[in-house]
Structure formats: C-alpha cells, structure tokens
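# Structural characterization, general
Single-letter residue listing:
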Amino acid sequence: MNLKLHKPLCVFDLETTGTNIGKDRIVEICILKVYPDASRESRTWRVNPEMPIPKECSEIHGIYDEDIKDSPTFKEIAPKVMEMLSGSDLGGFNSNRFDVPLLAEELLRVGMDFDLSKFKLVDAQTIYHKKEPRNLSAAYQFYCGKTLENAHSAEADVMATFEVLDAQVGKYEDIPNEIAPLSEFTFHNRHADLAGFIGYNEKLEEVFNFGKYKGQCVKVIFQKDLGYFGWLQNADFPLYTKKVFTKIQLSSKF
C-alpha cells in the first residue's frame, strides 16, 4: 500500500435520488475502511429514501423503488454508519463536492451531529483532474490497468476509488502519501461549510460567497444585521451550512 495512514481511512460512495445536496436522499452507501496496517473491512447498505427515485437516476445506478421498498431508512442505519466513520479520515471520488456534503445533510436530518473539523477529506477525483482530467472509469483504466465493471454501483465504485487513490500516491512523486497533506492537495478552494456558501478571506475570517453581503465578513454582518441570520436559518440552505452560520452567530456575541 502506497498510502501511509496514521488512522483509518473510510473511502465511501453514495447512490442517491439526485444531486441536490439539500433535498435528495441516499439509496445506497458503501464504506471501505482501510486501517494503517493495510487491513480492510467494508459495509454496504441499501436505503429506503422515503421518496420516489426519479427514473433518470435509477437508469444510472440501477436501483429502483421496488428494490429498496423494504430496506431500512437512513435513520435506522445512521448509528452504524457513524460507528464505522468514527475516528477515521474520509475519502472518495468527487466526495468533497457531493458525497460528504450529502452525507452530512442526512446525518444532521436524523439528529446525528457531523463535525467537519474531526475529519481530513481526500478526494481522488481532484488528484485525477489535476493530473489526468477524466472520470472514474478512465482513472481506473489509467492508474490500475483494469476495466471498471458495474460502474455506478456503490460497491464497485468505492473499491475502484480506493485502488485509484492508492495507485495515484504510488505514481506521482510530488503527491504526499499521508492523509493530512493529501487532504490539502485535494481541495480546490477552502470553504467553512461543505456546500461552498461560506468562504474565507485573507485573514481566514468567514465571508459570504453569495447574496447582498458577498465577500463581507459573516461575523461582522451578524453583529450589524441580526435579521439576516434569521433569514438564513429559514431559507433553503443545507443544514450543515446553517450549523456553521449558527456557530458564527454565537461567536459574534462575544
């Protein structure tokens, strides 16, 4: 194994009802947990999303309403998911932009806390796009010399993602093999939340990335316009984004 792990790395993949982080739901999740000694364990859950799966999504991942009607809801499997993720870093393919934010929404929705500061995030797609811009199937062929069978099934994708990530670390001498610096390498832009609504300025203060206060310090705006915080909490923002706004708002009182 080329990766040098100091704690477990959970590589995971989601199949979902769509791509709207705030509204769509998980229909399948696979987690591959890789330990520092290179041993592995994996779990896959089919999930009843409690909403219809659009036909166009089912045609991509092959999971239809009939397939998951008797599956547990995410609330039922959430404790097992959190148990597996506990004490680990997180990895995936396009995970920083999609899988991690959507998983955070699902966990927060069922009352389970997700604190981004407890995890280092590594996105194999970012490394790939910086080095060899293509998709997972092409990445698997390029780095591993294999054809990805059953693409868009969570298990096949997550197994391929880990092999690609491990092969990337072995191929490029300028890519670190430890999770903390690798996490830094895989970020396009640094955000305070998962969906990119809150960024940082040169002083590392949280700033708005949208709206009438775009580019301005969130904490300062909350001190001057508390009503804006109230509007944000009632607007259609992801739960994790609202959580970060709440944390900043509380700190703005002191």
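Look a little higher up for the structure.
In short, a report on the structure. Source: prediction; values computed, not measured.

## Looking at helix 3 (residues 74-85)
Within helix 3 the residues assigned to the buried category are F74, I77, A78, V81, M82, M84 and L85. Buried residues in helix 3, looked at end-on, bunch into an arc of 155°, giving them a common side. Facing away from the buried side of helix 3 by over 90 degrees, the exposed positions are E76 and E83. Along its buried surface, helix 3 packs onto strand 1 (9-16), strand 2 (26-34), strand 3 (40-46), strand 4 (89-92) and helix 4 (95-109). G87 sits one or two positions beyond helix 3 and adopts a positive phi of about 75°.

## Points about the side chain of S71
Considering the arrangement of structural elements, one finds S71 in the loop between helix 2 (65-68) and helix 3. If near-sequence neighbours (up to four positions away) are discounted, S71 is found in contact with R46, V47 and N48.

## Here's the deal with the pairing of strand 4
Alternating positions in strand 4 separate into two faces, D89 and G91 on one and L90 and G92 on the other, with burial throughout. With three bridges connecting them, strand 1 and strand 4 associate as parallel partners. Looking at the pairing, L9 lines up with D89 of strand 4. Bridge count for strand 4 against strand 5 (residues 121-123) is three bridges, and the pairing is parallel. Residue L90 lies in a different strand from strand 5, and its bridge partner there is L121. Read from strand 4 through helix 4 to strand 5, the crossover connection turns out right-handed.

## Side note on the packing of aromatic side chains
Inspection of the entire model under this criterion finds 20 aromatic pairs. For the ring pair F142 and Y143, a centre distance of 4.9 Å and an interplane angle of 80° mean the geometry is edge-to-face. Judged by its relative accessible area of 37%, F142 is partly exposed. Ring centres of F208 and Y213 lie 6.2 Å apart, and the angle between their planes is 35°; on these two criteria the pair is classed as tilted. Assigned by exposure class, F208 and Y213 land together as buried. In textbook terms, an aromatic cluster arises when at least three aromatic residues are bridged by ring pairs, as seen for F197, F208, F210, Y213, F222, Y228, F229, W231, F237 and F245. The lysine or arginine in question, K130, covers the ring of F185, its NZ or CZ lying 4.5 Å from the ring centre. The residue whose ring lies beneath K131 is Y172, and the NZ or CZ to ring-centre distance is 5.0 Å.

Rules of the game
Position labels on residues start from 1 in each chain and follow its written sequence. At least 70 in pLDDT is required for a residue's local features to be given in this predicted model, at least 80 for side-chain atom pairs to be given and counted, and no such filter applies to totals for whole chains, interfaces and linings, which use all residues. Excluded from the side-chain calculations are hydrogens and water; all other atoms, namely the structure's heavy atoms, are used. Each residue's exposure class comes from its accessible area (1.4 Å probe, protein chains only) as a fraction of the maximum for that residue type: buried when under 20%, exposed when over 50%, partly exposed otherwise. Numbering of helices and strands runs from the N terminus, with a helix taken as a DSSP run of H or I at least four residues long and a strand as a DSSP run of E at least two residues long. By arc we mean the arc of the directions from the helix axis to the C-beta atoms, nothing more. The contact rule is simple, with two residues in contact once any of their heavy atoms fall within 4.5 Å. Think of it this way: DSSP has to see at least two bridges between two strands before they count as a pair. A crossover counts as right-handed when, viewed with the strands pointing away from the observer, the path leading from the first strand over the helix to the second turns clockwise. Any Phe, Tyr or Trp ring, taking Trp's six-membered ring, that has another such ring centre within 6.5 Å forms a pair; planes under 30 degrees apart are called stacked, those over 60 apart edge-to-face, and the others tilted. We call a charge positioned above a ring when the Lys NZ or Arg CZ atom is no farther than 6 Å from the ring centre and deviates by at most 35 degrees from the ring normal.

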